[in-house]
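An overview of the molecular structure
One-letter residues, chain by chain:
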Amino acid sequence: MSSASKIWTRVDYEKDGRQNGWLQYPHSVTRSAYGNISIPISVIRNGAGPTAFLMAGNHGDEYEGQIALCRLINTLDPQSIRGRLIIMPAANLPAAMAGTRVSPIDQGNLNRAFPGDPDGTITFAIAHYINTVLYPMADIHHDLHSGGSSLQYLPFASMRQSRDNALNERSLAALRAFGAPIGLVWAYSPDQRLSSVAATEHGLVALGGEFGGGGSVTRSGVQIVEQGLRNLLAHAGIIEADQAPGDFDQPTRLMEVASRDYYVYAPEAGLFEPATELGDWVRKGQLCGQVHFVDNPARAPEPCHFEGDGMVICKRQFGRVERGDCVVHLATDYPGAG
């Protein structure tokens, strides 16, 4: 097994100015024997200073971040920054072009592929390049998400707790500086193969977030991302404070996802009827919804209930469910948020 990435680029990460180029992944197929999949990457640099690595399109059907980063690439003046921005607006390019969560080439989910594999399929090769080439260059990272086609979220920026308490404090400060209406702390995650986990292993201040969902684009979600990114860059010292828009209309409400009990899963396959809406505050034991069986209408619907108290921050978009699909998850106020 080799450890060197097979992805190559003509972009010079140390060159001042703006470069718009490609990460080239060799891809030999019938129509192109010596072809590459060209993943866009932009580098904006102005001398010594901190590096921010901004990424969207980790999941291809999550769009607010992709739009905001495209606009940032085209509008940010290199002379207005100190340091460097590395920007990937469509990190899993095959998925982004297909408008799907996973790559149509290898069915790979980039956010379940870290730390990656240089000898693996394209999704794992992209994860490996990010993990071994881009993360070591960076000081701060933001991986921008939305709910994708299958979920709807109340918009929030987020951080993921690491094993390093000092890093957690720096990440929480960056989360507050971003200034989204909700700042979410992931104290629990059902999977550890995530970009944010890999980034924190490198000691990066790593933010994420969900800024919409349902496979659509919301203007409000794009605005939160655009405004928050400038706040974050000012916090990092990459742009001057007077270039950042500052606070949103309301202060950030810090919340957390603390355990598996925050999630509710469909008990059977069928048609799910929710009993709550986004933003509702619910109690343990309260009805979350019920699954109907239209192929057997005489069968009584199967209910599911909340395992704890909290606010509905995420709901399933699709009506049809399979057993084990997440239909809702909650968040609660972060202890000591103050």
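Each remark here, short or long, concerns the structure printed above.
First things first, this report covers the structure right here in the doc.

**Here's the deal with the sheet that holds strand β15 (residues 287-292)**
Ordered in space as β16-β15-β13-β18, the four strands form an open sheet in which the pairing is antiparallel. Two strands close off the open sheet at either side, each with one partner strand: β16 (302-305) and β18 (320-321). Direction of pairing for strand β13 (residues 270-274) relative to β18: antiparallel, over a ladder of two bridges. Looking at β18, one finds that G270 is bridged to V321.

**Side note on the packing of aromatic side chains**
Enumeration according to the criterion identifies seven aromatic pairs in this entry. An angle of 65° between the planes, with centres 6.1 Å apart, marks the rings of Y188 and Y263 as edge-to-face. Taken as a pair, Y188 in the loop between β9 (182-186) and α5 (195-201) and Y263 in strand β12 (residues 263-265) lie far apart in primary sequence, 75 residues in all. Each residue in the set F53, F114 and Y135 is aromatic and connected to the rest through ring pairs, giving one cluster. The lysine or arginine in question, R299, covers the ring of F293, its NZ or CZ lying 3.7 Å from the ring centre.

**Notes on the pairing of β9**
The element β9 is largely enclosed, with a buried count of five among its five residues. Where burial is concerned, the two faces of β9 agree: the one with I182, L184 and W186 and the one with G183 and V185 are both buried. Summarising the sheet, strand β8 (residues 156-160) and β9 pair through four bridges and their orientation is parallel. Looking at β9, one finds that A157 is bridged to G183. In this fold, β8 hands off to helix α4 (residues 165-178), which returns the chain to β9; that crossover is right-handed.

**What to know about the packing of helix α1 (residues 64-75) against helix α6 (residues 219-236)**
Interhelical geometry of α1 versus α6 gives an angle of 50° and a closest axis separation of 9 Å. With respect to α6, the axis of α1 lies oblique. As α1 packs across α6, the resulting crossing turns out to be right-handed. Taking contact as the criterion, the partners of E64, G65, I67, A68, L69, R71, L72 and T75 in α1 are, on α6, R219, G221, V222, V225, E226, L229 and R230.

**Some details on the nonpolar core**
L54, L69, L85, I87, L175 and F178 are the most contacted members of the largest nonpolar core, which has 36 residues in total. Secondary structure elements with two or more residues in this core: β4 (51-55), α1, β5 (83-88), β8, α4, β10 (205-210) and α6. Among residues more than four places away in sequence, those in contact with L54 are L69, L72, L85, I86, I87, M88, H142 and L229. Counting 33 residues, the second largest nonpolar core, distinct from the first, contains M55, A113, I126 and Y129.

**A short note on the pattern of salt bridges**
It is possible for side chains of opposite charge to pair when their charged atoms get near one another. One pass over the structure, following the stated rule, counts 13 salt bridges. For R84, the salt bridge is made with E14, and the minimal N-O distance between the two is 3.1 Å. You can see R84 sitting in strand β5 and its partner E14 sitting in the loop between β1 (8-9) and β2 (17-26), a full 70 residues away along the chain. In this structure R84 comes out as buried when scored by relative accessible area, which is 8%. Salt-bridge contacts for R101 lead to E62; the nearest nitrogen and oxygen are separated by 3.5 Å. Of this pair, R101 sits in the loop between α2 (93-98) and α3 (122-134) while E62 sits in the loop between β4 and α1; the two residues are 39 residues apart in sequence, bridging distant segments of the chain. Given the relative accessible area of 31%, R101 is considered partly exposed. Through salt bridges with shared partners, a single ionic network connects E14, D16, R45 and R84.

**What to know about the packing of α4 against α6**
Two quantities define a packed helix pair, namely the angle between the axes and the distance from one axis to the other. Relative orientation of the contacting elements α4 and α6 amounts to 130°, with a least axis distance of 7 Å. As summarised for this structure, α4 and α6 are arranged oblique, according to the angle between their axes. Pair α4 / α6 crosses with right-handed handedness. Counting all contacts with α4, which are made through A173, A174, A177 and F178, the residues of α6 involved are I224, V225, G228, L229, N231, L232 and H235. The class makeup of the residues in the contact of α4 with α6 is eight nonpolar, three polar and no charged.

**A word on the environment of D16**
Here D16 is to be found in the loop between β1 and β2. With relative accessibility at 43%, the residue D16 sits in the partly exposed group. Aside from chain neighbours lying at most four places away, what touches D16 is R45, N46 and G47. Polar side-chain contacts of D16 include one of 2.5 Å to the side chain of R45.

Rules used in this analysis
Residues numbered from 1 in each chain as written. Predicted model: local features only at pLDDT ≥ 70, side-chain atom pairs only at ≥ 80, totals over all residues. Heavy atoms only, no water. Pairing = 2+ DSSP bridges. Helix = DSSP H or I, 4+ residues; strand = E, 2+ residues; numbered from the N terminus. Phe/Tyr/Trp six-rings, centres within 6.5 Å; stacked < 30°, edge-to-face > 60°. Lys NZ or Arg CZ within 6 Å of the ring centre and 35° of its normal. Buried < 20%, exposed > 50% of the residue type's maximum accessible area, 1.4 Å probe, protein only. Right-handed = clockwise from strand over helix to strand, strands pointing away. Axes fitted to C-alpha atoms, helices over the stretch in contact; angles between N-to-C directions. Parallel < 35°, antiparallel > 145°, perpendicular 65-115°, else oblique. Left-handed = near helix turned anticlockwise from the far one by under 90°. Contact = heavy atoms within 4.5 Å. Core = buried A, V, L, I, M, F, W, Y, C linked by side-chain atoms within 4.5 Å. Salt bridge = Lys/Arg side-chain N within 4 Å of Asp/Glu carboxyl O. Nonpolar A, V, L, I, M, F, W, Y, C, P; charged D, E, K, R; others polar. Polar contact = N/O pair within 3.5 Å; in protein donor to acceptor, adjacent residues only side chain to side chain.

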